Amino acid sequence: MSTLDLPATGDPRPFAGYAALTAQAIRERTWAAKRALGDRVVILGHHYQRESIIEFADFRGVKLSQLAAGQERAETIVFCGVHFMAESADILRRPHQTVVLPDLKAGCSMADMAVIEDVEEAWDRLTAAHGDGIVPVTYMNSTAALKAFCGARGGVVCTSSNAAAVLAWAWARGTRVFFFPDQHLGRNTAYAMGVPLAHMAEWDFRAEDLNAANAACLRDETRIILWRGFCSVHTKFTAQQIREARAADPKVRVLVHPECPFEVVQAADLAGSTEFIIDQVRRAEAGSSWAIGTEIHLVHRLSLEHPDQHIRSLQKNVCPCATMNRIDPAHLLWTLENLAEGHTVNPIRVPEPVKRDARTALDRMLALKGTGEIARGAMAKD
Ligand code: 13P
Ligand code: SF4
């Protein structure tokens, strides 16, 4: 009998029946399927996933793609995260491995803001104005096509923890950086490295007259061109929330992610990547008070893991990342039970030529020594 208690049909199980299952039934069957699959399957859980998914994760974190590729015995990598992460895992995986995303609707609104055709159009205009000497840098939170675009043009990928080291690498190779898709990570990092705001310009990809709207990007003194993308979660944090948090608790320390807007990062006590945020809380003494500006599932988990500290979100009634939340227990169970029956549902396959160039851009990043994180506060105040 199959794990679904139905006779095997030879076809993948449709998802339809899974949505109606009780939470308890899903949990029991997910553990059963995971045990049956053993180390043939590795489950990865990004920090922004809900607890009922993290419970099943063999690894949780941000450098999951590299970790997964290291699991030689795993034939399948079940990525509980979003589409661009699964693509990166597919680019870095071993030849015998397959990456699956339990729900294909788990995209990323930020990654969707930079489509390859718009980036190519911008590149043509920028190189026409500036000539050579522009280095494209894409944040990890982007499609494989953009990583490949960078790989093919002497560019590179960065994460939120190594953005400063990557920008330093890029400026050693060119006069200007074209940074996408997250304007905030680009601006906050460049500013922390000493680049004045006057030497940064935003590329408005939605403008009708691209050259007229983006005249500042074509100026000689512009050192970094920032794609006008943003994260729908981190853009909701405001400087007003910081003032309110401090008024309510003068001892509070405000800790935010660099995907937050510039004025929020400037007003915060500390700003840095997900790993930096986790590390700050881990190292803090009992009784510390935090208002944290990042995805709510991570903030909630930190509060559970550090009950001796007072940890809350900087924003009241904050919404979770909607696309991360597409990965729910029913989809994870559906994926695992199908795998147990020999059906690989939702495989993520980056086409070969894209994969080759994207790998080049990723390898350039991975070759950089040290993360070079320049985190506000770590640099200025700690
Ligand atoms: P990091 O986990 O790299 O800090 O990025 C945050 C994020 O938005 C992931 O989607
Ligand atoms: Fe994308 Fe922001 Fe969600 Fe991360 S938190 S997946 S950047 S929308």
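Each chain carries its own residue numbering, running from 1 in the written order of its sequence. For this description, chains carry letters from A and ligands carry numbers from 1, given in the order in which they are written. Only residues with pLDDT of 70 or above have their local features reported here, since the model is predicted, and side-chain atom pairs are shown and tallied only from 80 upward, although totals for entire chains, interfaces and linings are computed over all residues. With hydrogens and water excluded, all non-hydrogen atoms of the structure serve as input to the side-chain values.

1. Things to note about the overall build of the protein chain
Counting its regular elements, the protein chain contains 16 helices and 13 strands. What the globule rule says is 2.2 Å times the number of residues to the power 0.38, and the radius of gyration is computed from C-alpha atoms. Taken over C-alpha atoms, the radius of gyration comes to 22 Å for the protein chain, in line with the 21 Å a tight globule of 382 residues would show. By its C-alpha atoms, the protein chain is 70 × 55 × 40 Å across when sized along the principal axes. Categorising residues by exposure relies on relative accessible area from a 1.4 Å probe, with only protein chains included: less than 20% of the type maximum marks a residue as buried, more than 50% marks it as exposed, and the intermediate range marks it as partly exposed. Out of the 382 residues belonging to the protein chain, those deemed buried represent 54%. Helix numbers and strand numbers start at the N terminus; a helix is a DSSP run of H or I with at least 4 residues, a strand a run of E with at least 2.

2. Quick look at the environment of W227
Mapping W227 onto the fold places it in strand β9 (residues 224-227). Taking the C-alpha atoms as reference, W227 lies 16 Å from A198; in sequence the two are 29 residues apart.

3. What to know about the state of the cysteines
Cysteine sulfur atoms are paired as a disulfide whenever they come within 2.5 Å of each other. Applying the stated criterion to the full structure yields zero disulfides. Unpaired in terms of disulfides, C150 finds its nearest cysteine sulfur in C158, a separation of 9.3 Å. On the basis of relative accessible area, C150 is assigned to the buried category, the value being 0%. Under the relative-accessibility criterion, C158 is labelled buried at 0%.

4. A few points about the pairing of strand β7 (residues 176-180)
Within β7, five of the five residues are buried, leaving the element largely enclosed by the surrounding structure. Burial along β7 is two-sided: R176, F178 and F180 and V177 and F179, pointing in opposite directions, are all buried. Examined bridge by bridge, strand β5 (residues 134-139) and β7 share five bridges and lie parallel to one another. Of the residues in β7, the one forming a bridge with P136 is F178. For two strands to pair, DSSP has to find at least two bridges joining them. Relative to β9, β7 runs parallel, the two being bridged by three bridges. Each bridged residue has a counterpart across the sheet, and for V177 the counterpart in β9 is I224.

5. Observations concerning the sheet that holds strand β12 (residues 289-293)
Strand order in this open sheet of four strands is β11-β10-β12-β13, and the pairing throughout is parallel. Because the sheet does not close on itself, it has two edges, and the strands there are β11 (270-271) and β13 (310-313). Relative to β12, strand β10 (residues 253-256) runs parallel, the two sharing four bridges. Directly across from R253, in β12, lies its bridge partner W290. Contacts between helix α13 (residues 274-283) and the sheet are confined to β10, β11, β12 and β13, with β10 contributing the most and set at about 155° to the helix. Whether two residues touch is decided by their heavy atoms; if any such pair falls within 4.5 Å, the residues are in contact. To define axes, lines are fitted to C-alpha atoms, for helices over the stretch in contact only, and angles between the resulting N-to-C directions are given on a 0 to 180 degree scale.

6. What about the site of ligand 2?
We define proximity as follows: a residue is near a molecule or strand when any one of its heavy atoms falls within 4 Å of that partner. As a structural note, the neighbourhood of ligand 2 is formed by Y48, V82, C108, S109, M110, N141, C231, S232, V233, E259 and C321. Side-chain classes are defined by residue name, with Ala, Val, Leu, Ile, Met, Phe, Trp, Tyr, Cys and Pro counting as nonpolar, Asp, Glu, Lys and Arg as charged, and the others, Gly among them, as polar. Residue composition of the shell around ligand 2, by class: seven nonpolar, three polar and one charged.

7. Observations regarding the packing of helix α8 (residues 163-171) against helix α9 (residues 183-192)
A pair of packed helices is characterised by two quantities: the angle between their axes and the separation of those axes. One can describe the packing of α8 onto α9 by two numbers: an axis separation of 10 Å at closest approach and a directional angle of 75°. In terms of orientation, α8 and α9 fall into the roughly perpendicular class. Taking contact as the criterion, the partners of A163, A164, L167 and W171 in α8 are, on α9, L185, G186, T189 and A190. By residue class, the composition of the contact of α8 with α9 is six nonpolar, two polar and no charged. For classification purposes, angles smaller than 35 degrees are called roughly parallel, those larger than 145 roughly antiparallel, those between 65 and 115 roughly perpendicular, and all remaining angles oblique.

8. As for the pattern of salt bridges
By convention in these notes, a salt bridge is any Lys or Arg side-chain nitrogen within 4 Å of a carboxyl oxygen on Asp or Glu. Using the criterion set out here, one finds 21 salt bridges in the structure. Between E221 and R219 there is a salt bridge; the shortest N-O distance is 3.3 Å. Sharing partners across several salt bridges, the network here consists of R187, E202, D204 and R228.

9. Points about the confidence of the model for the protein chain
Known as pLDDT, the predictor's confidence for each residue is given on a scale from 0 to 100. Per-residue confidence for the protein chain gives a mean pLDDT of 93; residues scoring 70 or more make up 94%. For the stretch residues 378-382, pLDDT sits under 50, and the model shows ten contacts to residues farther than four places along the chain or on other chains.

10. What about the sheet that holds strand β3 (residues 76-80)?
Hydrogen bonds between backbone groups are what pair the strands of a sheet, and the pairing can be parallel or antiparallel. A sheet is described by the order of its strands in space; here four strands give the open sequence β2-β1-β3-β4, paired in parallel fashion. Two strands close off the open sheet at either side, each with one partner strand: β2 (59-61) and β4 (98-100). Ignoring which end each strand starts from, the neighbouring axes of this sheet average 25° apart. By the bridge criterion, three bridges tie β3 to β4 in an arrangement that is parallel. Note that in β4 the partner of V78 across the bridge is V100. Each of β1 (41-46), β3 and β4 is contacted by helix α15 (residues 329-340), which is oriented at about 175° to β3, the strand it contacts most.

11. Remarks on the packing of aromatic side chains
The criterion for an aromatic pair is that two Phe, Tyr or Trp rings (for Trp, the six-membered ring) have centres within 6.5 Å, with stacked assigned to planes under 30 degrees apart, edge-to-face to planes over 60 apart and tilted to the rest. Overall, the coordinates contain ten aromatic pairs when judged by the stated rule. For the ring pair F178 and F180, a centre distance of 5.0 Å and an interplane angle of 70° mean the geometry is edge-to-face. Like F178, the residue F180 is buried in the burial classification. A positively charged side chain is recorded as over a ring if its NZ (Lys) or CZ (Arg) lies within 6 Å of the ring centre. The angle to the ring normal must also be within 35 degrees. A cation over an aromatic ring shows up here: R223 above the ring of W171, its NZ or CZ 4.7 Å from the ring centre.

12. As for the packing of helix α4 (residues 83-92) against helix α16 (residues 352-366)
One can describe the packing of α4 onto α16 by two numbers: an axis separation of 10 Å at closest approach and a directional angle of 90°. It follows that α4 is roughly perpendicular to α16 by the angle criterion. Residue-level contacts link D90, I91 and L92 of α4 to K355, A358, R359, L362 and L366 of α16.

13. Description of the side chain of Q309
Inspection of the secondary structure assignment puts Q309 in the loop between α14 (296-305) and β13. For Q309, a relative accessible area of 8% translates into the label buried. Ignoring anything within four residues of it in the chain, the contact list for Q309 reads V281, A284, E285, A286, G287, S288 and W290.

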